[in-house]
Amino acid sequence: MELRTVWWEEESVRLIDQRKLPHTFEVVHCTELAHVAHAIRSMQVRGAPAIGCTAAYGMALAARQSSAANPETLLADLQQAKATLDAQRPTAVNLAWATARMVRRAEAVAVEGVNAIKTALLAEAEAIYAEDLAMCHAIGDHGAPLIPPRGHVLTHCNAGGLATAGYGTALAPIRTAFAQGRPIHVFVDETRPFLQGARLTAWELLQAGIPQTLITDNMAAFMMQRGLVDCIIVGADRIAANGDVANKIGTYGLAVLARYHNIPFYVAAPYSTIDLATASGAEIPIEERDPAEVTHIAGIAIAPHGVNAAHPAFDVTPHELVTAIITERGVVRPPFLDALRQLASKP
Ligand code: MRU
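In the annotation of an unreviewed UniProt entry, the entry for the protein reads Methylthioribose-1-phosphate isomerase, and the organism field reads Chloroflexus islandicus. Per UniProt, the protein has the following entry under Sequence similarities (unreviewed entry): "Belongs to the EIF-2B alpha/beta/delta subunits family. MtnA subfamily."

Below, the structure is given as structure tokens:
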């Protein structure tokens, strides 16, 4: 059975606290919209599709807790909830995509009254979750054939089941190829500063029984130079119309290394991560997080007090460095501008 990252239970949003994994498994109960916003901001839940699913449940929660007596007031409350949620993490487009879809659903049933909106929004959040899970499996089907026969894949951050409704995006082709009995070995970047690779990807792969080697981020180049890496697969937080990809800080460096070493560099993401309204990566807002996440690891200071530190949480990989984008609708290859536009009309 697949682990759920976020779910609805007893009129609250529940989620696995990903800050505590892998050593502590704790479930967070969000009984108010503010709790959901905090969970997203503090990265109790993280990963673009999982954030989208969580925000959808957050919108359902906001609707059910609203005291609005008429649909107009409830719709205004929902716009407010959307603004609150969208502001938590600006880079992952799945967040605003999900809240916009929830607002559209509310508007569509508004004529039926307040209760109809409340019922419809919970059903819509469940639908977004179910669709995300199905998309991840489809990404696995499309992406598995791209993994070279020896099966040595390097990945960055966590774009696994925890970052989605389940199964993952970057980890989906890996899981599918492994399930097909193919040889697979994953090099897991630890992913400073939040260590999503060491804490979350390593945990997921262990649970799935998929062979892996954990490496620090600065070992990736040497692994490639030694010929140990056959391809790189990463997730994405936003893909611009020209194919530029925003993903966890450090992704761009890997793409440059991949080009130098002649290694295919794949990005796996659902269609909801593609933002045709954003022309290029230069327009993607990059989240700046607290430098304390750089100067401290798990609350322990590793740098001198008072040191100046930077923390851009994401970087942008130019489309020229991307070999292909793996989506649930198929594999997209350059030139991305046309190919991504055509994908929009594909079911
Ligand atoms: O800061 P995070 O942990 O939310 O960043 C996550 C990533 O960068 C993932 O690669 C991306 O969201 C895709 S997850 C399927």
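On we go from here.
What's the story with the nonpolar core in this structure? I'm lost.
The nonpolar side chains of a soluble globular protein tend to be buried, and buried together. Among the nonpolar cores identified, the biggest contains 45 residues, and Leu 78 and Leu 85 are the most heavily contacted of them. Elements that contribute at least two residues to this core include exactly β1 (6-9), β2 (12-16), β3 (27-30), α1 (33-41), α2 (48-65), α3 (71-86), α4 (93-109) and α5 (114-143). For this core, the element with the highest residue contribution is α2, accounting for 12 residues. In contact with Leu 85, not counting residues within four places along its chain, are Leu 33, Val 36, Ala 37, Ile 40, Ala 55, Gly 58, Met 59, Leu 95 and Thr 99. If you look at the next biggest cluster of nonpolar residues, it comprises 29 residues, including Ile 215, Ala 220, Leu 254 and Ala 255.

I keep staring at the packing of aromatic side chains and nothing clicks. Help me out?
Geometrically, a pair of aromatic rings is defined through the distance of the ring centres and the angle of the planes. With the rule as written, the count across this model stands at 1 aromatic pair. Judged by centre distance (6.4 Å) and plane angle (50°), the ring pair of Tyr 57 and Tyr 129 falls under tilted. Residue Tyr 57 is located in helix α2, and its partner Tyr 129 is located in helix α5; the two are separated by 72 residues in the primary sequence. Judged by its relative accessible area of 0%, Tyr 57 is buried. On the basis of relative accessible area, Tyr 129 is assigned to the buried category, the value being 4%. Cation over ring: Arg 4 sits above Tyr 129, and NZ or CZ is 3.7 Å from the ring centre. If you follow Lys 248 out to its NZ or CZ, it ends over the ring of Phe 314, 4.3 Å from the centre.

Can you help me understand the UniProt feature "active site" (unreviewed entry) in the protein in this one?
The residues that UniProt annotates with the feature "active site" (unreviewed entry) are Asp 237. A relative accessible area of 8% means that Asp 237 is categorised as buried. Non-local contacts of Asp 237, meaning those with residues more than four positions away in its chain, are made with Ala 48, Thr 91, Ala 92, Val 93, Asn 94, Ala 246, Asn 247, Lys 248, Thr 273 and Phe 314.

Looking at this structure, I do not really get the site of the ligand. What am I missing?
Of all residues adjacent to the ligand, which total 19 residues, the nearest are Arg 46, Ala 48, Arg 89, Asn 247 and Lys 248. In this structure, an oxygen atom belonging to the ligand sits 2.8 Å away from a side-chain N or O atom of Arg 46. Take Ala 48: an N or O atom from its main chain is 2.8 Å from an oxygen atom of the ligand. Burial of the ligand by the protein amounts to 100% of the accessible area it has alone, namely 410 Å².

Sorry, what's going on with the domain arrangement of the protein here?
The figure often quoted for interface size is the accessible area lost as the parts come together. If you check the domain split of the protein, you get domain 1 (6-137) and domain 2 (146-343). Contact with domain 1, which involves 29 residues of that partner, is made by 33 residues of domain 2. Approximately 2,600 Å² of surface area, both sides summed, lies buried where domain 1 meets domain 2, with 59% of it carried by carbon and sulfur atoms. Where domain 1 packs against domain 2, one counts 2 salt bridges. With a closest N to O distance of 2.9 Å, Glu 287 and Arg 89 form a salt bridge. For the pair domain 1 and domain 2, the interface holds 18 residue pairs in polar contact (both at pLDDT 80 or more). Looking at which element gives the most residues to the side of domain 1 that touches domain 2, the answer is α5, with 6 residues. Residues of the side of domain 1 that touches domain 2, tallied by class, amount to 17 nonpolar, 7 polar and 5 charged.

About the criteria used
Residues numbered from 1 in each chain as written. Predicted model: local features only at pLDDT ≥ 70, side-chain atom pairs only at ≥ 80, totals over all residues. Heavy atoms only, no water. UniProt positions renumbered as here; feature names shortened; annotations may be inferred. Core = buried A, V, L, I, M, F, W, Y, C linked by side-chain atoms within 4.5 Å. Buried < 20%, exposed > 50% of the residue type's maximum accessible area, 1.4 Å probe, protein only. Helix = DSSP H or I, 4+ residues; strand = E, 2+ residues; numbered from the N terminus. Contact = heavy atoms within 4.5 Å. Phe/Tyr/Trp six-rings, centres within 6.5 Å; stacked < 30°, edge-to-face > 60°. Lys NZ or Arg CZ within 6 Å of the ring centre and 35° of its normal. Near = heavy atom within 4 Å. Polar contact = N/O pair within 3.5 Å; in protein donor to acceptor, adjacent residues only side chain to side chain. Areas by Shrake-Rupley, 256 points an atom, 1.4 Å probe, with all protein chains shown as cover. Domains from an automatic or database assignment. Buried area = accessible area lost by both parts, 1.4 Å probe. Salt bridge = Lys/Arg side-chain N within 4 Å of Asp/Glu carboxyl O. Nonpolar A, V, L, I, M, F, W, Y, C, P; charged D, E, K, R; others polar.

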